[in-house]
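Summary of the model geometry
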Amino acid sequence: MSNKTYGRPTGRIKTAKIEIAIEPEIKDEFMELLREEGKKASSEIGVWIREYIKNRKEQQK
């Protein structure tokens, strides 16, 4: 069994929202693919944002 490496860290409180505007058919396809993988959009997008921040910080060094 692998360790959970996504989503909000234990003890962290959800405090803010990010809203995006995309075409309904793109959203539907994205959500369906996530469902097939047993994932949640919020968790996946959170991972992407954290990776983006980490990569940007590494580039600035």
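For the structure given in this document, a descriptive report is provided here. As the structure is a prediction and not an experimental result, all values here were calculated from the model. (Residues numbered from 1 in each chain as written. Predicted model: local features only at pLDDT ≥ 70, side-chain atom pairs only at ≥ 80, totals over all residues. Heavy atoms only, no water.)

Overview of the overall build of the protein chain
When helices and strands are counted, the protein chain shows two helices and zero strands. Counting all 61 residues of the protein chain, 11% fall into the buried class. Accessible area of the protein chain: about 6200 Å², with a carbon and sulfur share of 52%. (Helix = DSSP H or I, 4+ residues; strand = E, 2+ residues; numbered from the N terminus. Buried < 20%, exposed > 50% of the residue type's maximum accessible area, 1.4 Å probe, protein only. Areas by Shrake-Rupley, 256 points an atom, 1.4 Å probe, with all protein chains shown as cover.)

Some points on helix H1 (residues 24-37)
Relative to the 20 Å expected for 14 residues at 1.5 Å per residue, H1 spans 20 Å between its end C-alpha atoms, a close match to the ideal helical length. Backbone geometry just downstream of H1 places Gly-38 in the positive-phi region, at approximately 70°. (Expected span 1.5 Å × (residues − 1).)

Notes on the layout of surface pockets
In this structure, the largest pocket encloses a volume near 980 Å³. Ala-16, Ile-18, Ser-42, Ile-45 and Gly-46 are the residues nearest the centre of the largest pocket, which is lined by 27 residues in total. Mapped onto the lining of the largest pocket, the elements with two or more residues apiece are H1 and helix H2 (41-60). Ranked by residue count, the leading element in the lining of the largest pocket is H2, at nine residues. Of the residues that constitute the lining of the largest pocket, the class distribution is 14 nonpolar, five polar and eight charged. (1 Å grid on protein atoms, 1.4 Å probe; cavity = no way out; pocket = protein on both sides within 12 Å on 5 of 7 lines; lining within 4 Å. Points joined across faces, edges and corners; volume = space filled by probe spheres on them. Nonpolar A, V, L, I, M, F, W, Y, C, P; charged D, E, K, R; others polar.)

Describing H2
Between its first and last C-alpha, H2 extends 29 Å over 20 residues, near the 28 Å set by a 1.5 Å rise per residue. For H2, every residue scored as buried is listed here: Ala-41, Ser-43, Glu-44, Gly-46 and Val-47. Turning to H2, the residues buried within the fold contact H1. (Contact = heavy atoms within 4.5 Å.)

Just distances and angles here, no functional claims.
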